[in-house]
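Architecture at a glance
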Amino acid sequence: MKRYFPWQAIVFLLPALLIYSAFSALPLLDTLRLGLYATDETGAQHFAGLANYKLLMFDPQWSDAFWNAMWNNLKFFGMHMLVQNPVGLLLATLLSVRGLKGARTYRTLIFLPTLLSVVIVGFIWQLILSPLWGVGERLMGYVGLADHFQPWLGEEGSALITLSLISVWQFIGVPLMLIYAALLAVPEEIVDAAVVEGASAWRIFWEIKLPLIYPTLGLVTILTFVGNFNAFDLIYSVKGALAGPNYSTDILGSYFYRTFFGYQSQIGSPTMGAAVATMMFLVILCGVAVYFYAIQRKLQRYE
Amino acid sequence: MSTGLLHLTLLAYTVLALFPIVLVLINSLKARDAIFDDPLAFSNAETLSLIGYEKVLAKANVLLYFGNSFTVTLISLGCIVLFGAMAAWALTEYKLRINRWLMLYLAFGIMVPIRLGTVSILSLMVKLELVNTLMALVLVYTAQGLPLAVMILSEFIQQIPKELKEAARCDGVGEFRIFFQIILPLIRPAVATVAVFTMIPVWNDLWFPLILAPSDQTQTITLGVQQFLGQFVTDWNAVLAALSLAVLPVLALYVVFSKQLIKGLTSGAVK
């Protein structure tokens, strides 16, 4: 039977491709282009090559804040890797213990915060940690630590770490679920065989289960990376666009917002905003590239 | 590890996960004094008060904001599911040479956040005169949700037995009727998974409402609550009530859909 060109395919594809192209793919490309332009006093844009990037990376007026945001973003990501993913792994391991009663209830409840708007989450924790209300101080008092209570969100040294931990609290459900699913998929025969051989639960975890879920851990890492380097809402809702105190919680997302829209004394610039967005794009692209490179090599090794 | 210790650990973490939410909900139902006197207690006959809710509902356009959020979320969701399923069907059913490239093109949208294109999206919306309309949000969220939807739905459509389609074709059923009357009903479980996955980020988004539709008439509940919290930061009753009102729909949704969501997550829908 001769196959004609299925014209219906075009009708089926058209709406999705049009909307995706017009409002996602092309704006992204256009933003990359716009990063090469500069805006003069009259608001007109002209081609400027890499001038924006030179400003961003080397002119102290821009670069101090930019590198500060980049560095903070790295710390933000680091905290997630150090706390969120190991704790997620621990909880997932406990949940996947065979015959555990109530596993479904636990994972449903622990996943709950992930669904809340960051605006709400940020504010809830602001209330708890505020010295005004004192819930945090009171709770610490119950275990005799009231003297150690500090307004962590308000101090330059601790604000970013506190915000990272709030973010960890909210999003731990995602690595937890992904790792949990991967652990359930580990073939029972392998584990049984190891048990018969007399391997301890500890050894089974480290030498059998963990290596088998490496691909999932890689996925969790890249999801965390992209999410963290694109974060904005939490900082904005807790600290505002100025990411205080003294820019100590400024990350690329909030820096992008200020550069693009301006804030208080700072005047917004679409072209500089586009340059910042392009830098964020490059950072994310590097992360994704490393991920695929690492996964690719791992797959080849297993073959 | 003993079972007791295991439960203790999981229980401790569950309390940590729920405590902040419960704290807000119980205090939103208290009189002002009680919020400060004993924030950790449930409200009793003496301290029960709905003053916060009355204030919020009277002062701010909370209901309007809720309506906006519902409108935007539902329409985006409808577009994502319908257009996503259509594209997924075309990509899996008609073996065109360009399909691999189209898949790659869409996969890009899963990895790169749409937020990075904001500068151009805003100027595009200005040109189309869509700034401060809900339409702008719908278009952006649809574009944002489509790639993942196409990916997940393609997986499902591939599992539909060939015989079904071939039989229909032999009977002379048209391609569009095959899709709408045979395929679409068959992939309903996958559609539910996609719906839950795309709904949450749309409902919770702060960035695009802030940039594309910040006017008082088009604010979503997330943006509305954000601004409300800024204005009424000292009115604790109102603040706690506003927070609770914003939490409740998500909680209700979760109760209804949690099985679907968890199944989607653990069966690898996002891999």
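Before going into details, it helps to say that this report is about the structure given with it. Note that the structure is predicted; figures quoted are calculated from it, not measured.

1. Observations concerning the overall build of chain A
- Of regular secondary structure, chain A possesses 14 helices and four strands.
- Once local pairs closer than 6 in sequence are excluded, the contacts in chain A between residues at least 24 apart make up 64%.
- In the structure as shown, chain A presents an accessible area of about 14700 Å², 66% of it carried by carbon and sulfur atoms.
- Mean positive and mean negative side-chain charge positions of chain A (17 and 17 charges, respectively) differ by 11 Å.

2. Some thoughts on the overall build of chain B
- Within chain B, the secondary structure is distributed over 13 helices and zero strands.
- Each helix and strand of chain B, ordered N terminal to C terminal, gives the series α-α-α-α-α-α-α-α-α-α-α-α-α.
- Its C-alpha atoms give chain B principal-axis dimensions of about 75 × 60 × 35 Å.
- Counting only residues that meet the buried cut, chain B has 55% of its 271 residues in that class.

3. Section: helix H4 (residues 103-111) of chain A
- Ala103, Tyr106, Arg107, Thr108, Ile110 and Phe111 of chain A are the residues of H4 of chain A that are buried.
- On its buried face, H4 of chain A is in contact with helix H3 (60-95) and helix H8 (173-184) of chain A together with helix H1 (3-27) and helix H13 (236-266) of chain B.

4. Section: the environment of Leu240 of chain B
- Structurally, the position occupied by Leu240 of chain B is in helix H13.
- In this structure Leu240 of chain B comes out as buried when scored by relative accessible area, which is 0%.
- It is 9.6 Å that separates the C-alpha atoms of Leu240 of chain B and Lys30 of chain B, two residues lying 210 residues apart in sequence.
- Dropping the residues within four chain positions of it, Leu240 of chain B is found in contact with Leu127 of chain A together with Val24, Asn27, Ser28 and Ile35 of chain B.

5. Digging into the interface of chain A and chain B
- In this assembly, 84 residues from chain A lie in contact with 87 residues from chain B.
- Buried surface at the junction of chain A and chain B, both sides included, amounts to about 8100 Å², of which 82% is carbon and sulfur.
- Put simply, chain A and chain B have one salt bridge between them.
- Put simply, Arg115 of chain B and Asp233 of chain A hold a salt bridge, and the shortest N to O gap is 3.1 Å.
- Counting the contacts that link chain A with chain B gives 15 residue pairs in polar contact (both at pLDDT 80 or more).
- Element by element, the count of residues in the side of chain A that touches chain B is highest for helix H1 (residues 7-34) of chain A, at 21 residues.

6. Digging into the layout of surface pockets
- Here the second largest pocket defines a volume of roughly 940 Å³.
- When the residues that make up the lining of the second largest pocket are grouped by side-chain class, the tally is 21 nonpolar, five polar and four charged.

7. A short note on the packing of aromatic side chains
- In total, this model carries 33 aromatic pairs over all chains according to the counting rule given.
- Pairing Tyr20 of chain A with Tyr105 of chain B gives two aromatic rings, centres 5.1 Å apart and planes at 80 degrees, and the pair type is edge-to-face. Here Tyr105 of chain B lies in helix H5 (residues 99-111) and Tyr20 of chain A lies in helix H1, a pairing that spans two chains.
- The class for Tyr105 of chain B is partly exposed, based on a relative accessible area of 29%.

8. Overview of the packing of H3 of chain A against H8 of chain A
All names here are of chain A.
- Taken N-terminus to C-terminus, the directions of H3 and H8 make an angle of 45 degrees; their axes are 8 Å apart at the nearest point. It follows from the interaxial angle that H3 and H8 lie oblique. As for how H3 packs across H8, the hand of that crossing is right-handed. Within the contact between the two elements, H3 uses Gln84, Asn85, Gly88, Leu89, Leu91, Ala92, Thr93 and Leu95 and H8 uses Pro175, Leu176, Ile179, Tyr180 and Leu183.
- Tallied by class, residues from the contact of H3 with H8 come to nine nonpolar, four polar and no charged.

9. Brief notes about H8 of chain A
- Over its 12 residues, H8 of chain A runs 16 Å from end to end, which matches the ideal 16 Å to within 8%, given 1.5 Å per residue.
- Taking burial as the measure, the 12 residues of H8 of chain A include 10 buried ones, the bulk of the element.
- Three or more residues of H8 of chain A are buried, namely Gly173, Pro175, Leu176, Met177, Leu178, Ile179, Tyr180, Ala181, Ala182 and Leu183 of chain A.
- Packing partners of the buried residues in H8 of chain A comprise H3, H4, helix H7 (159-171), helix H10 (201-212) and helix H11 (214-228) of chain A together with H13 of chain B.

10. Section: a nonpolar patch on the surface
- A surface patch of nonpolar side chains, about 400 Å² in accessible area, is lined by Leu139, Tyr142, Val143 and Leu145 of chain A.
- Counting through the fold element by element, Leu139 of chain A comes out in helix H6 (residues 135-142).

11. Concerning the environment of Pro131 of chain A
Residues and elements named next belong to chain A.
- Summarising the element assignment, Pro131 is placed in the loop between helix H5 (118-129) and H6.
- The spatial distance from the C-alpha of Pro131 to the C-alpha of Phe149 is 8.6 Å, given a sequence separation of 18 residues.
- Those residues in contact with Pro131 that lie beyond four places of it in its chain are Phe149 and Pro151.

12. Observations concerning the pattern of salt bridges
- Within this structure, the stated rule accounts for 12 salt bridges over all chains.
- Across the salt bridge formed by Asp192 of chain A and Arg98 of chain A, the nearest N and O atoms sit 3.4 Å from each other. Residue Asp192 of chain A is located in helix H9 (residues 188-196), and its partner Arg98 of chain A is located in the loop between H3 and H4; the two are separated by 94 residues in the primary sequence.
- Of the charged contacts, one joins Glu93 of chain B and Arg169 of chain B as a salt bridge, the two residues approaching to 3.0 Å between their closest N and O atoms. Of this pair, Glu93 of chain B sits in helix H4 (residues 62-93) while Arg169 of chain B is found in helix H8 (residues 162-170), placing the two residues 76 residues apart along the sequence.
- Among the ionic contacts, a cluster of salt bridges with common partners joins Glu93, Lys165, Glu166, Arg169 and Glu175 of chain B.

Here is what the cut-offs are and how they apply
- Residues numbered from 1 in each chain as written.
- Chains lettered and ligands numbered in written order.
- Predicted model: local features only at pLDDT ≥ 70, side-chain atom pairs only at ≥ 80, totals over all residues.
- Heavy atoms only, no water.
- Helix = DSSP H or I, 4+ residues; strand = E, 2+ residues; numbered from the N terminus.
- Contact = heavy atoms within 4.5 Å.
- Areas by Shrake-Rupley, 256 points an atom, 1.4 Å probe, with all protein chains shown as cover.
- Lys, Arg positive; Asp, Glu negative; His and termini not counted.
- Charge placed at Lys NZ, Arg CZ, Asp CG, Glu CD.
- Buried < 20%, exposed > 50% of the residue type's maximum accessible area, 1.4 Å probe, protein only.
- Buried area = accessible area lost by both parts, 1.4 Å probe.
- Salt bridge = Lys/Arg side-chain N within 4 Å of Asp/Glu carboxyl O.
- Polar contact = N/O pair within 3.5 Å; in protein donor to acceptor, adjacent residues only side chain to side chain.
- 1 Å grid on protein atoms, 1.4 Å probe; cavity = no way out; pocket = protein on both sides within 12 Å on 5 of 7 lines; lining within 4 Å.
- Points joined across faces, edges and corners; volume = space filled by probe spheres on them.
- Nonpolar A, V, L, I, M, F, W, Y, C, P; charged D, E, K, R; others polar.
- Phe/Tyr/Trp six-rings, centres within 6.5 Å; stacked < 30°, edge-to-face > 60°.
- Axes fitted to C-alpha atoms, helices over the stretch in contact; angles between N-to-C directions.
- Parallel < 35°, antiparallel > 145°, perpendicular 65-115°, else oblique.
- Left-handed = near helix turned anticlockwise from the far one by under 90°.
- Expected span 1.5 Å × (residues − 1).
- Patch = residues over 30% accessible without salt bridge, like charges linked within 9 Å, V, L, I, M, F, W, Y side chains within 5 Å.

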